[in-house]
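Survey of secondary and tertiary structure
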Amino acid sequence: MRRGLSLFLVTIALFTSSTLTTKAVVVAVPISAEPDFHVERLVKIESGGIIFMDDTYMIEHPVEIAELWVGFDSSYVSERTSFEVWYEGEWTPLDYEASVKNDYSGYNLTFPSAVSSGENLKFRASFLFLELVTQRSNKFNARLPLYPTLTYNVSSYILSVRLPLDAVFDEVTTSQNFTTEIRDYYEFVEYETVDVQRLQNEDATVSYVPSPDDKYLIDCGMLERGLRIKQSTLRVEDTFELRNLGSRMTKFTLSLQEGASSIITKDGVGPLTVTEKAMAENATSVDVVVTPRYTVRTGDIWRFTISYTLPRGDYITKLGGDTNLAYRLQGFPHYVHELSAKVYLPDGGRYLSSEPAADSVGKEGSLTTVSFVFGAQLPYGSPVVTMALRESPLTYYMRLLAVLVVAIAVVGSAYVLRRRRGADVEVPVIVAEKPQLSGFLEQYVERVSLLKEMEELARRLDDSEIGREEFDGRSAEVKRRQGELIRVLRRMRGELEAEYPDLVEGLREVRKAEEELEKVEGDLRNLEVRLRARRVSRRDYQRRRQDRLTRRSQAIEHIEGALASLTSV
């Protein structure tokens, strides 16, 4: 009987132990249960094929989450990445490091202990993608990761894709059901689901017809902007390195800053064709069309330079004895991987300070250069450069004096020749370190004198001081002499460029000023033709003609300034 009682007690003990163990397992289940993830993904497709993606995560009932891995299929490479956690009523930066998991590239996130104590948690991830949009015919196709990639299941998920402004949705290549909606002038393509399994890997391609202004899929590897401070203007020179990601490109439209004039373009071979588009009177930019030397095919890299003149007074002011530059770098509608700027101070100018601080200060010839490196920039980032410098008034007056000396010599020679017609009179030669340059300047001063004589004739005709017949006769003689001078000057300029490399930059400025003048004079001739054909009213003709005459005077001033710069070389 004792033996039976002992067996009974052992049986009870084993049963009790088994029951307690089972209860312990049941209690532990909630501790190891996965948290609930709720994810909202907003994808914004911008003009030019740039994609911003923002994922907002809400984690309910987390279990001491100190780290978390999120990522993408390895074919997705983010250009910019950031993570933030919602803490004490504001978004706080979150530490992370890149990490690869199987065929996925992603990030390990580290949460501060204060926000990983088992309470509900909210954080967000932001990404910038390039080269996910391709072009086929008139449609753009954006390849997107359909789901967030996590090591946890996702309880609920919402995807919203915002198309570029004025784009028209075409289709989504996926088996999932999408809906579309217009909100705040944008078209949204949306998808919603539940119970997304961990490490999902599926793409969706959203196709749309872009707006007429969204023409190019361009990757801008580099933009170097040069700013040359002149006596009366600010000369801008942009060097672009573009990679074409879209269809073949035979023309490229750029928006330059308001007031841009004397626009020229070139590549490594020589000048390119550039035409200015007609703009509304209230336009705040100058749109130009650049024609590449060859068709830029998909994947091709095209490097070219465009330069133009801006009014100096819009960017440069005087304060006491100092000169202040305030310039906003704008005009790049695409993502730029490497943006830099270089400011060329006037001859004799001295750099004082700048914001941001200069990355380097150096010399190119006789000019001081101040360089800035901005790195990667989002479209329309528009960093600002402000600079204090000191100009040398002596340099300007020495140049002016040199030009005046040449002018006096030429005018005196011309006067003697006119007084003694037919006599064998030797024209005085100005002695200089470069005799060919003196002769070139003498000829150019006569050209400028003839240009101003033409201006005076036009003024007297407008004021009815002379008649049309007298104007036509005298202007014909001036034009004949101008034609002879231009041929001689072109030959002399070529000889100077070959003989004196240090004059090339100054002679290039003279050539640019001449091209500007030629363009204005062409506009004047075209305006006369339109008036005779009655394609423009007399009132509109007078307004436009006066504008061209003002630009003509400015072009002549540019020529004089360019000639003055040669005297200091």
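Description of the structure in this document. The numbering scheme is per chain: residues are counted from 1 as the chain's sequence reads. Totals for whole chains, interfaces and linings use every residue, but because this is a predicted model, local features are given only for residues with pLDDT of at least 70 and side-chain atom pairs only at 80 or more, for both listing and counting. Each side-chain value is derived from all of the structure's non-hydrogen atoms; neither hydrogens nor water enter the calculation.

On to helix H5 (residues 504–532), then. Between the first and last C-alpha of H5 there are 42 Å, a value that for 29 residues agrees with the 42 Å anticipated at 1.5 Å per step. Only DSSP runs of H or I covering at least 4 residues are called helices, and only runs of E covering at least 2 are called strands; the numbering of each starts at the N terminus. Looking one or two residues past H5, Arg-534 carries a phi angle of roughly 60°, positive in sign. Here, expected helix span is obtained from the residue count minus one, scaled by 1.5 Å.

Below, the discussion takes up the side chain of Thr-239. Along the chain, the position of Thr-239 falls in strand S18 (residues 233–244). Partly exposed describes any residue whose relative accessible area lies between the buried limit of under 20% and the exposed limit of over 50%, with all areas from a 1.4 Å probe on protein chains only and scaled to the type maximum. The buried category is assigned to Thr-239, whose relative accessible area is 11%. Pairs of N or O atoms within 3.5 Å make up the polar contacts considered here, provided that, within protein, one atom can donate a hydrogen while the other can accept it, and that residues adjacent in sequence are counted only when both atoms are side-chain atoms. Of the polar contacts made by the side chain of Thr-239, one reaches the side chain of Thr-305; its length is 3.0 Å. Contact criterion: two residues are considered in contact whenever any of their non-hydrogen atoms come within 4.5 Å of each other. Excluding residues within four positions of it along the chain, Thr-239 makes contact with Met-222, Leu-223, Glu-224, Arg-303, Phe-304 and Thr-305.

Two strands form a pair only when DSSP identifies at least two bridges running between them. An order of S5-S4-S8-S2-S1-S12-S15-S14 is seen for the eight strands of this open sheet, with the pairing classed as mixed. Since the sheet does not close on itself, it has two edges, and those belong to strand S5 (90–93) and strand S14 (179–183), each with one partner. Each strand axis lies, on average, 25° off the axis of its neighbour in the sheet, ignoring direction. In the sheet, strand S1 (residues 36–45) pairs with strand S2 (residues 51–60) via 10 bridges, with the strands oriented antiparallel. Here the axes come from fitting lines to C-alpha atoms, over the contacting stretch only for helices, and the angles between their N-to-C directions go from 0 to 180 degrees.

Method remark: on a 1 Å grid restricted to protein atoms, a set of points is classed as a cavity if a 1.4 Å probe fits but cannot get out and as a pocket if it is open with protein on both sides within 12 Å along at least five of seven lines; lining residues have an atom within 4 Å of a point. Grid points are joined across faces, edges and corners, and a volume is the space filled by probe spheres set on the points. Within this structure, the stated rule accounts for four cavities of 30 Å³ or more. Of the volumes computed, that of the largest cavity is approximately 90 Å³. Lining the largest cavity, in full, are Gly-48, Gly-49, Ile-50, Leu-130, Glu-131, Leu-132, Val-133, Leu-217, Ile-218, Asp-219, Leu-245 and Tyr-335. Class assignment for the residues of the lining of the largest cavity results in eight nonpolar, two polar and two charged. Looking at the second largest cavity, its volume works out to about 60 Å³. Only Asp, Glu, Lys and Arg are considered charged in this grouping, and only Ala, Val, Leu, Ile, Met, Phe, Trp, Tyr, Cys and Pro are considered nonpolar; every other residue, Gly among them, is considered polar.

Think of it this way: a Phe, Tyr or Trp ring, Trp meaning its six-membered ring, pairs with another when their centres are within 6.5 Å, and the plane angle makes it stacked under 30 degrees, edge-to-face over 60, tilted otherwise. Counting across every chain of the model gives 27 aromatic pairs. Plain terms: the ring middles of Phe-72 and Tyr-76 are 6.3 Å apart, the flat faces sit at 45° to each other, and that makes the pair tilted. Summarising the aromatic geometry, the rings of Phe-72 and Phe-129 are spaced 5.5 Å apart at their centres and angled 90° between planes, so their arrangement reads as edge-to-face. Of this pair, Phe-72 sits in strand S3 (residues 67–73) while Phe-129 sits in strand S8 (residues 121–129), and the two are 57 residues apart along the sequence. Residue classification places Phe-129 among the buried positions, given a relative accessible area of 1%. Criterion for a charge above a ring: Arg CZ or Lys NZ at most 6 Å from the ring centre, at most 35 degrees from the ring normal. The aromatic ring of Trp-69 is capped on one face by Lys-101, whose charged end is 5.5 Å from the ring centroid. Residue placement shows Lys-122 over the ring face of Trp-86; its charged tip is 5.0 Å from the ring centre.

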